[in-house]
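Each chain is listed here by its residues.
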Amino acid sequence: MNNVTSLLNSIPTDPLTGAISVPIYQTSTFIQEAPNVNKGYDYSRTGNPTRDVLERVVAKLEHGTTGAAFGSGLAAIDAVVKLLKSGDEILAVDDIYGGAFRMFNDIYQKFGIKVNYVDTTKVENVVDAFTPDTKLVWIESPTNPTLKISDIAAIASVAHANDALLCVDNTFASPVLQNPLELGADIVVHSATKYLGGHCDLIAGIVVTKNEELGEKIKYIQNASGAILGPFDSWLIIRGLETLYVRVQRHCESALKVAQYLEKHPAIEKVFYPGLPSHVNHDVAAKQSKAFGGMISFVLKNDTIEIADELVTSTKCFKLAESLGGTKSLICHPAQMTHASMPAEIRKSHGVSDGLVRLSIGLEDPEDLIADLEQALNKILKSKKEKAALTA
Ligand SMILES: *Cc1c(COP(=O)(O)O)cnc(C)c1O
């Protein structure tokens, strides 16, 4: 069956009334006929019918057994780390999402969980960084914001040979493009705030596990620690999922066009997009994902904060904002926005230079997006010429 048909068929209709939209069960508790005799639900932290639908549909999309929805992507990541105990170590991609970096270092280090950061784009680095205490390998592919690609299947083999779990933050790819559990990963997490929700109107996270045993542990943590997603936000994501395939296909087609345009522009030094043959791990990306996503970043020539500022405030279709994966195109300057909390040295060593600009390609006509970038890039070229003339 076609993927879209199968996704739409997996979202249930309401047997009670025939409502085609999943009902929002906005309730904390459920009446019991006698103590512990109920209709499958007793308290909404433990289980809620609307959240259940979301968890089942995303588990299916990721080819996993169990889904668990949380109040944010970071709460989902937090639940996975809670599988570990004091003395265990995490081996993580160095170009990790800033919020995960902050959680690992500022929250979990003091509970005795150590983290080794390595460049996972080379599998040898992962092999070398293992210690007897490494229990969890954590990667993102593509990474944020420089869109580095790591070989998920190869890293899964290394992790399993060392009795560790592999968790992949699949936020940037979405389940439409890449299914890490099929490639050997044990756990997938999503910031559902991004492509799954898809409309920049909520904050949410999801964990999906490959096997039921691990799924039960995550479900236990979800109930015991309590960072669940509410019924209304669960419903908003279910609604977003109905258009996920159509949206992601459009994001990918437009992003490739924009990336090809940017690569030829004289104001630009380098474009990072896994779909371009110039991307260092283009072959790995092509092997493990169906297409290359809606995120692009690029470095301006003579990268200074002033020039980047002028560019990101000159676009009209692209709105200046953090986040990604929504219907509207966004532009962001990581050095001053998403990655501002990282010390400058570390930031630069991760490729987040002052002239790096990140785009989230929305659903607008790609020709309009290119025209918008064209006028903004020409504006900075013109003001650079004017400055050069003044100092000459
Ligand atoms: C946004 C994001 C997160 C965090 O998700 P929140 O929903 O903001 O808590 C984690 N990982 C990646 C790759 C992200 O882009």
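Being a predicted model, the structure only gives us computed values, none of them experimental.

(A) Geometry of the overall build of the protein chain. In terms of helices and strands, the protein chain carries 14 helices and 12 strands. Here the C-alpha radius of gyration of the protein chain, 22 Å, is about what a compact globule of 392 residues would show, namely 21 Å. Based on the C-alpha atoms only, the size of the protein chain along its principal axes is roughly 85 × 55 × 35 Å. A total of 392 residues make up the protein chain; the buried ones form 53% of that total. For the protein chain, the share of sequence-separated contacts (at least 6 apart) that also reach a separation of at least 24 residues comes to 71%. Distance between charge centres in the protein chain, computed from 37 positive and 46 negative side chains, equals 3 Å.

(B) Here's a closer look at the domain arrangement of the protein chain. Under the domain assignment, the protein chain is made up of domain 1 (3–241) and domain 2 (246–391). Its C-alpha centre places domain 1 at a distance of 28 Å from the equivalent point of domain 2. Domain 1 puts 31 residues into the contact, and the matching count from domain 2 is 33 residues. Between domain 1 and domain 2, a total of about 2800 Å² is buried, with carbon and sulfur atoms accounting for 60% of that surface. One can count 1 salt bridge joining domain 1 with domain 2.

(C) Quick look at helix 6 (residues 152–161). Listing the buried residues of helix 6 in full gives I152, I155, A156, V158 and A159. Across the axial projection of helix 6, the buried residues extend over an arc of 165°, all falling on one side. Tucked inside the fold, the buried residues of helix 6 contact helix 5 (123–129), strand 4 (134–140), strand 5 (165–169) and helix 11 (282–288). The backbone nitrogen of A153 lies 3.4 Å from a side-chain oxygen of the residue at the head of helix 6, namely D151. Positioned one or two residues after helix 6, D163 has a phi angle of 60°, which is positive.

(D) Representation of the site of the ligand within the structure. The environment of the ligand is made up of 13 residues, and the closest members are G73, D169, S191, T193 and K194. Here an oxygen atom of the ligand and a side-chain polar atom of S191 are 2.9 Å apart. Within the side chain of K194, one N or O atom sits 2.7 Å away from an oxygen atom of the ligand. Bound to the protein, the ligand loses 92% of the 380 Å² it would expose on its own. Top element by residues in the shell around the ligand is helix 3 (residues 73–81). It accounts for 3 residues. Residue classes in the shell around the ligand are distributed as 6 nonpolar, 5 polar and 2 charged.

(E) The arrangement of the pairing of strand 6 (residues 187–191) in detail. For strand 6, a buried count of 5 out of 5 residues is recorded, marking the element as mostly surrounded by other parts of the structure. Burial along strand 6 is two-sided: the residues I187, V189 and S191 and V188 and H190 are all buried. Pairing between strand 5 and strand 6: 3 bridges, direction parallel. In the strand pairing of strand 6, C167 is matched with I187. Relative to strand 7 (residues 205–209), strand 6 is paired through 5 bridges, and the arrangement is antiparallel. Residue pairing across strands places S191 opposite G205, the latter belonging to strand 7.

(F) View of the nonpolar core. Membership of the largest hydrophobic core comes to 81 residues, with the highest contact counts inside it found for I90, F104, W138 and L166. For this core, the domains that each give at least three residues are domain 1 (3–241) and domain 2 (246–391). Once residues within four sequence positions are removed from consideration, I90 is found in contact with V81, L84, F104, I113, K114, V115, N116, L136 and W138. Within the second largest apolar cluster, 28 residues are counted, among which are Y273, L311, L377 and I380.

(G) Structural view of the packing of aromatic side chains. Inspection of the entire model under this criterion finds 5 aromatic pairs. Their ring planes at 45° and their centres at 5.2 Å tell us that F101 and Y117 sit as a pair that is tilted. Separated by 16 residues along the polypeptide, F101 in helix 4 (residues 98–108) and Y117 in strand 3 (residues 114–118) bring together distant segments of the chain. Here the aromatic rings of Y108 and F111 are separated by 6.3 Å at their centres, their planes lie at 50°, and the arrangement is tilted. For F111, a relative accessible area of 51% puts it in the exposed group.

About the cut-offs
- Residues numbered from 1 in each chain as written.
- Predicted model: local features only at pLDDT ≥ 70, side-chain atom pairs only at ≥ 80, totals over all residues.
- Heavy atoms only, no water.
- Helix = DSSP H or I, 4+ residues; strand = E, 2+ residues; numbered from the N terminus.
- Rg over C-alpha atoms; globule rule 2.2 N^0.38 Å.
- Buried < 20%, exposed > 50% of the residue type's maximum accessible area, 1.4 Å probe, protein only.
- Contact = heavy atoms within 4.5 Å.
- Lys, Arg positive; Asp, Glu negative; His and termini not counted.
- Charge placed at Lys NZ, Arg CZ, Asp CG, Glu CD.
- Domains from an automatic or database assignment.
- Buried area = accessible area lost by both parts, 1.4 Å probe.
- Salt bridge = Lys/Arg side-chain N within 4 Å of Asp/Glu carboxyl O.
- Arc of directions from axis to C-beta.
- Polar contact = N/O pair within 3.5 Å; in protein donor to acceptor, adjacent residues only side chain to side chain.
- Near = heavy atom within 4 Å.
- Areas by Shrake-Rupley, 256 points an atom, 1.4 Å probe, with all protein chains shown as cover.
- Nonpolar A, V, L, I, M, F, W, Y, C, P; charged D, E, K, R; others polar.
- Pairing = 2+ DSSP bridges.
- Core = buried A, V, L, I, M, F, W, Y, C linked by side-chain atoms within 4.5 Å.
- Phe/Tyr/Trp six-rings, centres within 6.5 Å; stacked < 30°, edge-to-face > 60°.

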